[in-house]
Each structure stands twice: as structure tokens, then as C-alpha cells.
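# Structural overview for review
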Amino acid sequence: MTRITFIAVDWGSSSFRAWALDHEGQILDSRSGPDGLKTVENRDFPGVLSKHCGDWFVDAPKAPVLMQGMVGARTGWVEAAYAPCPARFDRLVEQATHFDIDGRAMVILPGATAADGAGGNDVMRGEEIQIFGAARLTGRKAATICIPGTHSKWARLEDGALTAFRTFITGELYQLLLRQSLVGALAEGETMDDTAFRRGLDRGAALPLSHAVFAARASTLTGGMAPGEVAAFLSGVLIGAEWAAQEVAEDVLLMASGVLADRYATALTHLGTRFDSVDADAATLAGLTRAAQSLWPERVAA
């Protein structure tokens with residue numbers, strides 16, 4: 001392989017993904033594994049990177065490495081400070097953290113931060129690059145963007161800038177309730193029963209969350225819910241509550257992949273919200289490629 005122009009890395013808390021890309025941003029090769037930051041021992045970040053990308057380094061000794069995600073967190077490899085909203089793409093790239101390893105250029109893109117209007121703050125790492133990648137793929141300069149995940153994000157893009165976002169720990173709450181609480185203690189399996197999921201959506205959208213979830217236990221005890229329905233019901237309640245917290249006046253751009261893409265599409269349809277979809281993985285690569293084009297215009301075609 002002799003056409004590698006740059007290497008893109010999405011390095012989170014629990015996973016590692018990397019792509020070798022050519023001059024046009026086309027994927028030449030890819031690697032992935034469970035080597036998230038939580039598993040890195042003795043801060044051996046170079047060792048993990050070499051484990052996955054060492055042969056690419058040999059093949060392309062001058063190719064720079066562009067990284068995003070929790071690798072830039074305070075507990076990551078090198079901290080990349082958050083860019084405040086409103087944040088434009090050029091500002092994110094300008095604020096990137098640069099260093100080198102054995103003469104190879106290394107860049108970590110910053111995350112983004114936003115004030116919540118109530119004296120608190122919100123943060124993201126990685127999703128901001130996905131958002132700008134999705135904007136490039138769809139041609140949008142304005143959108144309300146839903147990004148499902150362990151910590152779901154609802155973000156606002158206006159006139160090409162990331163102006164605001166809020167985080168909802170929907171995925172994390174689902175795991176906690178199902179596996180570590182009395183609320184989900186009677187659950188059997190995690191089959192996504194469609195009827196139970198939709199029933200949960202309606203309940204979560206209509207009632208306070210801390211009350212709505214208790215039906216997963218009470219209804220099972222009283223015979224109104226089968227143990228095999230609990231997981232789907234809880235998922236629906238949490239997503240319904242997330243949806244109810246939004247003020248969406250126009251179509252939503254759903255940025256997701258795999259199971260979550262299907263689940264949130266079902267939820268938005270059921271709850272009457274019009275949306276378009278964009279693949280989250282494609283958005284990640286589009287955003288990283290755009291960043292590489294800004295950082296190294298002589299290497300990567302615009």
C-alpha cells in the first residue's frame with residue numbers, strides 16, 4: 001500500500017477505530033478494536049496506535065495522523081481544549097493540538113462546550129466533527145441533529161456553525177436501570193419487543209421520567225407486563241423522555257448507525273417527528289477528511 005496520504009483515528013473510551021485514506025479521502029484500509037482509553041495501560045498510547053497502524057506507518061512514513069474523541073480528554077493522550085459554542089469548523093481546526101512522534105505529525109481535534117442557560121455546561125468530543133461531516137454530506141447549513149448513543153446529543157447547527165447542544169445520558173441510564181436497579185430486576189433478556197417499546201415511548205413522552213420508569217417493575221409484579229418486555233419498555237421510556245425534552249420546530253437530522261439508527265427512527269416516526277437520516281460512520285469520515293483538507297491542503301484534495 002503506497003497511496004496513504006493521512007491516517008484518521010476515532011479513539012473513544014471503549015473503542016478504537018482507524019482508517020488509512022488516500023489523497024481524495026477514500027478508504028484504503030481500516031482497523032478497529034476494543035482498545036479504548038479505559039484499556040490503555042501505563043499511558044502507552046503510542047503502543048496502542050502502533051499495534052493497529054504500525055504497518056501503515058512503515059508504508060507511509062510521512063503520513064500525518066489526525067485523531068478525534070476521548071483521546072484528547074484530560075485523561076487521554078494529550079489534552080485538546082474544548083472550543084466554545086458557537087463553534088465554526090475552521091475554529092475547531094485552528095484550535096487543534098499538534099505534536100509529533102518520531103518525526104510524524106500528530107493532531108488531536110478539540111471537543112466542543114456549551115453553556116446550558118442554567119449555570120451549567122455541556123461537552124462533547126467527536127460528535128462535533130461528525131456534525132460538520134453530516135453537514136457536508138447533506139449540504140445543510142442549518143439543522144436540529146439527533147445523535148443517539150450512551151450519551152445522546154441533540155445539537156443545533158445554524159448558518160454553518162454549531163451553536164448549541166444538550167446531552168442526555170439515555171444509553172447509560174438504560175444499562176443502569178436494566179442491570180443494577182430494582183426497576184429492571186425482573187427483566188428477562190433484551191429482546192426489543194415492538195409493542196412494549198412503543199408503549200414505553202408514549203409513557204416516557206407523557207410522564208416525569210423517575211415515575212415513568214417504575215412501571216417496568218410495578219406492571220411486571222401485577223401481571224401487566226411480561227418479563228421479556230421490560231428491556232424494550234425501558235428503552236422506549238428513556239427515548240420518549242429524551243424526545244419530550246426537545247423543542248423541534250422542523251425536520252430532524254438523525255445521525256446514527258446500526259441498531260440505534262433503527263430504534264430512533266422507529267421512535268421519531270411513532271412520536272410524529274419528521275426526520276432525515278445520515279450514517280454516523282460516514283459523517284465521521286467526512287468530518288475528518290474535511291479537517292485533513294484544512295490542515296494539509298497540499299496533501300489532501302479539497
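Before going into details, it helps to say that this report is about the structure given with it. Numbering of residues begins from 1 in every chain and follows the order in which that chain's sequence is written. For this predicted model, a pLDDT threshold of at least 70 governs which residues receive local features, and a threshold of 80 or more governs which side-chain atom pairs are given and counted, while totals over whole chains, interfaces and linings are taken from all residues. Just so you know, side-chain values use all the structure's heavy atoms and leave hydrogens and water out.

### Topic: the overall build of the protein chain
Each helix is a run of H or I in the DSSP string that is no shorter than four residues. Each strand is a run of E no shorter than two, and both are numbered from the N terminus. When helices and strands are counted, the protein chain shows 10 helices and 14 strands. Viewed in the frame of its principal axes, the protein chain has a C-alpha envelope of about 65 × 40 × 35 Å. In the protein chain, which comprises 302 residues, the share counted as buried stands at 51%. By definition, residues are in contact when any of their heavy atoms lie within 4.5 Å. Taking contacts inside the protein chain between residues at least 6 apart in sequence as the whole, the part at least 24 apart equals 63%. Between the mean site of the 27 positive side-chain charges and the mean site of the 36 negative ones, the protein chain shows a separation of 2 Å. Accessible area is worked out with a 1.4 Å probe on protein chains only. A residue is then buried under 20% of its type maximum, exposed over 50%, and partly exposed in between. Counted charges follow a simple rule, with Lys and Arg positive, Asp and Glu negative, and His plus the chain ends left uncounted. To locate a charge, the coordinates of NZ of Lys, CZ of Arg, CG of Asp or CD of Glu are taken.

### What to know about the packing of aromatic side chains
Two aromatic rings, drawn from Phe, Tyr or Trp (for Trp, its six-membered ring), form a pair once their centres lie within 6.5 Å of each other, and the interplanar angle then sorts them: stacked below 30 degrees, edge-to-face above 60, tilted otherwise. Applying the stated criterion across every chain, the model contains 6 aromatic pairs. Summarising the aromatic geometry, the rings of Phe 89 and Phe 132 are spaced 5.4 Å apart at their centres and angled 70° between planes, so their arrangement reads as edge-to-face. With Phe 89 in helix H2 (residues 89–94) and Phe 132 in helix H3 (residues 127–138), this pair connects stretches of sequence that are 43 residues apart. Accessibility assignment for this pair places Phe 89 and Phe 132 in one class, buried. Three or more aromatic residues joined by ring pairs make a cluster, and in this case those are Trp 11, Phe 16, Phe 45, Trp 77 and Phe 99. Geometry around Tyr 82 places Arg 125 over its ring, the cationic atom sitting 4.2 Å from the centre. Over a ring means this: the NZ of a Lys or the CZ of an Arg is within 6 Å of the ring centre and within 35 degrees of the ring normal. Just above the ring of Phe 89 sits the side chain of Arg 290; from NZ or CZ to the centre is 4.1 Å.

### Some remarks on the sheet that holds strand S11 (residues 152–158)
Pairing between sheet strands relies on hydrogen bonds along the backbone, with the strands arranged either parallel or antiparallel. Pairing between two strands is assigned when DSSP locates at least 2 bridges connecting them. Taken together, the 5 strands give an open sheet; going across it, the order is S12-S11-S10-S13-S14, and neighbouring strands pair in mixed fashion. Of all strands in the sheet, those with a lone pairing partner are strand S12 (161–168) and strand S14 (275–279), marking the two edges. Across this sheet, the average inter-strand angle for adjacent strands is 25°, counted without regard to direction. Seen against the sheet, H3 touches strand S10 (143–147), S11, S12, strand S13 (252–256) and S14 and runs at an angle of roughly 120° to S13. To obtain an axis, a line is fitted to C-alpha atoms, over the contacting stretch when the element is a helix, and the angle between two such axes runs from 0 to 180 degrees between their N-to-C directions.

### So, helix H8 (residues 230–244)
Counting along an α-helix, one turn takes 3.6 residues, and residues three or four places apart therefore face a common direction. A helix is expected to reach a length of 1.5 Å times the quantity of its residues less one. Between its terminal C-alpha atoms H8 stretches 21 Å, which fits the 21 Å expected from 15 residues at 1.5 Å a residue. Most of H8 sits out of view: 13 of its 15 residues are buried.

### Things to note about the layout of surface pockets
Taken as a whole, the largest pocket encloses approximately 1100 Å³ of empty space. The wall of the largest pocket is formed by 32 residues, among which Arg 125, Glu 127, Gly 149, Thr 150 and His 151 lie closest to the centre. Secondary structure elements with two or more residues in the lining of the largest pocket: strand S1 (6–11), strand S9 (121–124), H3, S11, S13 and helix H10 (280–295). Among the residues making up the lining of the largest pocket, the classes are represented as 11 nonpolar, 14 polar and 7 charged. Think of a 1 Å grid over just the protein atoms. A cavity is a set of points where a 1.4 Å probe fits yet cannot get out, a pocket is an open set with protein on both sides within 12 Å along at least five of seven lines, and lining residues have an atom within 4 Å of a point. The wall of the second largest pocket is formed by 14 residues, among which Trp 154, Arg 156, Arg 166, Gln 246 and Glu 247 lie closest to the centre. Of all the secondary-structure elements, those providing two or more residues to the lining of the second largest pocket are S11 and S12. Of the residues belonging to the lining of the second largest pocket, the class tally is 7 nonpolar, 2 polar and 5 charged. Grid points are joined across faces, edges and corners, and a volume is the space filled by probe spheres set on the points. Here the nonpolar group is Ala, Val, Leu, Ile, Met, Phe, Trp, Tyr, Cys and Pro; Asp, Glu, Lys and Arg are the charged ones; every other residue, Gly included, is treated as polar.

### Focus on empty space enclosed by the protein
By the definition in use, this model includes 1 cavity of 30 Å³ or more. A volume near 30 Å³ is recorded for the largest cavity. Lining the largest cavity are Trp 154, Ile 239, Glu 242, Trp 243, Tyr 264, Ala 267, Leu 268 and Leu 271. Within the residue set of the lining of the largest cavity, elements represented by two or more residues are H8 and helix H9 (258–270).

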